[in-house]
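Structural overview
So you can see what is in the structure, the chains are spelled out below.
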Amino acid sequence: MQRLIQQIMKFGIVGVLAFVIDYGLMVALTELVGLAPVASATVSFIVSVVFNYVASMRFVFSHKEGMSKQREFAIFVVLSVIGLLINDGLMWAGTELVAIDYRIVKIGATAVVMVWNFVTRKLFLDGGEQQAS
């Protein structure tokens, strides 16, 4: 249980940093470049996923024995693409259907995707009792 709590705390730190990258880039692309909110949210999400992969697999989750790095990355990408679809669906619904400011919608979408990410990465990628750095 202690390992799980530590893992959740590390995941939270990595998640906050990924959120800062995601949110900051989304706002910059929307406000400074003029991209539509869903497009800017897609670009910023992809950039944050790359950071998140490197940080998560280094500091949060241990490598699953017998799984190649290529397969690990492929699974991470598939799970992230599903997260992206959830993110974009919520961004679209919140901004287009309900007319909520995109910055507020992004916070809620991030919370939902964060739960998705932790649970699925824990199930599919974590090596269990092996120690992550």
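Structure: above.
Residues numbered from 1 in each chain as written. Predicted model: local features only at pLDDT ≥ 70, side-chain atom pairs only at ≥ 80, totals over all residues. Heavy atoms only, no water.

As for the environment of Asp101
Test applied: Secondary structure follows DSSP: runs of H or I at least 4 residues long count as helices, runs of E at least 2 residues long count as strands, and numbering of each begins at the N terminus. Two N or O atoms form a polar contact when they lie within 3.5 Å of each other; inside protein one atom must be a possible hydrogen donor and the other a possible acceptor, and for residues adjacent in sequence the pair counts only when both atoms belong to side chains.
With respect to the helices and strands, the residue Asp101 is situated in the loop between helix H3 (69–97) and helix H4 (102–124). On a C-alpha basis, the gap between Asp101 and Met91 in space is 9.6 Å, while along the polypeptide they are 10 residues apart. Among the polar contacts made by the side chain of Asp101, one reaches the side chain of Arg103 at a distance of 2.8 Å.

A word on the packing of aromatic side chains
Heads up, the condition is: Any pair of Phe, Tyr and Trp rings, taking the six-membered ring for Trp, is counted once the centres come within 6.5 Å. Such a pair is stacked with planes under 30 degrees apart, edge-to-face with planes over 60 apart, and tilted for the rest. Accessible area is worked out with a 1.4 Å probe on protein chains only. A residue is then buried under 20% of its type maximum, exposed over 50%, and partly exposed in between.
Enumeration according to the criterion identifies six aromatic pairs in this entry. Plain terms: the ring middles of Phe11 and Phe118 are 5.0 Å apart, the flat faces sit at 70° to each other, and that makes the pair edge-to-face. You can see Phe11 sitting in helix H1 (residues 2–33) and its partner Phe118 sitting in helix H4, a full 107 residues away along the chain. Neither residue differs from the other here; Phe11 and Phe118 are each classed as buried. Between Tyr53 and Phe76, the ring centres sit 4.8 Å apart and the planes meet at 75°, which makes this aromatic pair edge-to-face. On the criterion of sequence distance, the pair formed by Tyr53 in helix H2 (residues 37–60) and Phe76 in helix H3 is long-range, its members being 23 residues apart. When sorted by exposure, Tyr53 lands in the same class as Phe76, which is buried. What links up through ring pairs into an aromatic cluster is the set Phe11, Phe61 and Phe118.

The analysis is restricted to geometry; functional conclusions fall outside its scope.
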